[in-house]
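The primary structure of each chain is shown beneath.
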Amino acid sequence: MPQPDISVNDADFHADPYSFYARLRAAGPVHQVEVTAAEYAPTFLVVGYEESRRALNHPGLLKNWTADEVLPGIATTPANSNMLEADPPHHTRLRRMVAREFTLRRVQAMRPRVQRITDELLDEMAARPQRTADLIKALAFPLPMTVIGELLGVPDLDRERFSHWSKEVLAPTSVTPSTTAHQKLGDYLAELVEAKAEDPGEDLLSALIRTRDEDGDALSPDELIGMAFLLLIAGHETTVNLISNGTRALLAHPDQLAALRADYDGLLDGAIEEMLRYDGPVQNTTYRYAREDMELGGAAIPAGATVLVSLAGADRDPGRYEAPDAFDIRRAPQGHLAFGHGLHFCIGAPLARMEGRIALRGLLERFPDLAEDPAEEAPTYIGGSLIRGVTRLPVRW
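About the cut-offs
Residues numbered from 1 in each chain as written. Predicted model: local features only at pLDDT ≥ 70, side-chain atom pairs only at ≥ 80, totals over all residues. Heavy atoms only, no water. Pairing = 2+ DSSP bridges. Helix = DSSP H or I, 4+ residues; strand = E, 2+ residues; numbered from the N terminus. Axes fitted to C-alpha atoms, helices over the stretch in contact; angles between N-to-C directions. Left-handed = near helix turned anticlockwise from the far one by under 90°. Contact = heavy atoms within 4.5 Å. Core = buried A, V, L, I, M, F, W, Y, C linked by side-chain atoms within 4.5 Å. Buried < 20%, exposed > 50% of the residue type's maximum accessible area, 1.4 Å probe, protein only. Salt bridge = Lys/Arg side-chain N within 4 Å of Asp/Glu carboxyl O.

Judged by pairing direction, the sheet is mixed, and its five strands sit side by side in the order S1-S2-S8-S5-S3 without closing on themselves. Sheet topology places strand S1 (30–33) and strand S3 (61–62) at the edges, where each strand pairs with a single neighbour. Bridge analysis of strand S2 (residues 43–46) against strand S8 (residues 306–309) gives four bridges, and the strand direction is parallel. By the bridge assignment, valine 46 is partnered in S8 with valine 309.

Structure follows, in structure tokens:
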């Protein structure tokens, strides 16, 4: 079967990647694919659920692409000094130090503030005389961006510039590898970290600057920049797409929407998990690199090859889920992979879930006649193979 280049911004592929993953999966759980940017070919895509779980926690698949000249010719920046791009024992150390401060208690303490921000944004929507809005600009983007900015202690974050750099990092407009956005974002965050060190508060970034391990170990300046980079990007981008993709799924399935409206207390938590499984915010993981020759899902993966795990493909695997292409908010979650699995499971998952619950319930309760705006053109999807979402979501009520 011909393998399309998954790094190309093909409109048909982005509109429905699930059919592509299903065709691949029918022929096997792991396939070699083409990636234009890959001087690091061969690249293998994992689309089976069990194989994806194995790959996500496989000790022979590395995340540190700076080791052993995995990607020669690509310079690193301080922003790369984060735990997503690290392997044990370095990853273990970084995650432990962040987990000391980014606790469930700190997240739960944000709940009233998340509710207030949501209510304010919905008030602004309701005041629009034309009764239409781009839901991403009106709610899905400003909510998580405000929350993560306040959590880290940077409420005056330059959202427009940050959003541009973030999009370029996650969905680059060029297939040629570049660190320009990383560098600009790293420089910006370096200034934030320096300012916070001089004037600390009770926020997470100040806590990360102060925190010490049992042996007195602390995060270095580059590691603080890397952690700010990871938490800011992961802390808003995935939630933007959880809210927008979840809204689209509900509006496209009026029976499910009606059931949810009739029983928020009983169905909302399950609805969020089904939104994450059905059309989650992260389509494929960042690259992993084979430390040695290995076998995965019947495919022989040579040392030095790159591996992409398709969370979108795995979470529609009929070997794991009955009727996987159906959107069913009463479905048992059954361990979906939308937040990953294993060492790199998303540390911000509790925050994303909380924001998603508050935002979607508030939106649906405030606007009982919410619908996608039929006067608008077909949706444009975020490019690249990493993020799954739309650039705009016009709605009316």
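Here helix H6 (residues 111–126) crosses helix H8 (residues 142–152) at 145 degrees, and the two axes come no closer than 10 Å. You can see that H6 and H8 cross each other, and the crossing is right-handed. Facing H6, whose interface residues are Arg113, Val114, Ile117, Thr118 and Leu121, H8 presents Pro142, Leu143, Thr146, Val147 and Glu150.

The next point concerns the nonpolar core. Membership of the largest hydrophobic core comes to 113 residues, with the highest contact counts inside it found for Phe102, Met125, Leu139, Leu143, Leu189, Leu260 and Ile301. Considering every element that reaches this core, the biggest residue donor is helix H12 (residues 221–252), with 15 residues. Those residues in contact with isoleucine 301, other than ones at most four positions away along the chain, are Val30, Phe44, Ala290, Glu292, Asp293, Met294, Leu296 and Val307. Core analysis: the next-biggest nonpolar cluster, separate from the first, contains 14 residues, Phe13, Tyr21, Leu24 and Val33 among them.

On to the pattern of salt bridges. Once the charged atoms of two side chains with opposite charge are near each other, the side chains can pair. Overall, the coordinates contain 18 salt bridges when judged by the stated rule. As a salt-bridge pair, arginine 361 and aspartate 265 come within 3.0 Å of each other at their nearest N and O atoms. With a gap of 96 residues between them, arginine 361 in helix H16 (residues 349–366) and aspartate 265 in helix H14 (residues 264–279) connect regions that are remote in the sequence. Here arginine 361 falls in the partly exposed class, since its relative accessible area comes to 27%. The exposure class of aspartate 265 is exposed, given its relative accessible area of 68%. Residue glutamate 273 is joined to arginine 353 by a salt bridge in which the shortest nitrogen-to-oxygen separation is 2.7 Å. Separated by 80 residues along the polypeptide, glutamate 273 in helix H14 and arginine 353 in helix H16 bring together distant segments of the chain. Here the two residues glutamate 273 and arginine 353 agree in accessibility, since each one is buried. Several salt bridges share partner residues, and in doing so they unite Arg93, Asp217 and Glu223 into one network.

On to unusual backbone geometry. Omega for the peptide link from proline 88 to proline 89 comes to 0 degrees, which places this bond in the cis form. Examined against the element boundaries, proline 89 turns out to sit in the loop between S3 and helix H4 (90–99). Despite not being glycine, arginine 131 has its phi angle at roughly 55 degrees, a positive value. Within the secondary structure, arginine 131 sits in the loop between H6 and strand S4 (132–134). For alanine 323, which is not glycine, the phi torsion reads 45 degrees and is therefore positive. Mapped onto the elements of the fold, alanine 323 is located in the loop between helix H15 (311–314) and H16.

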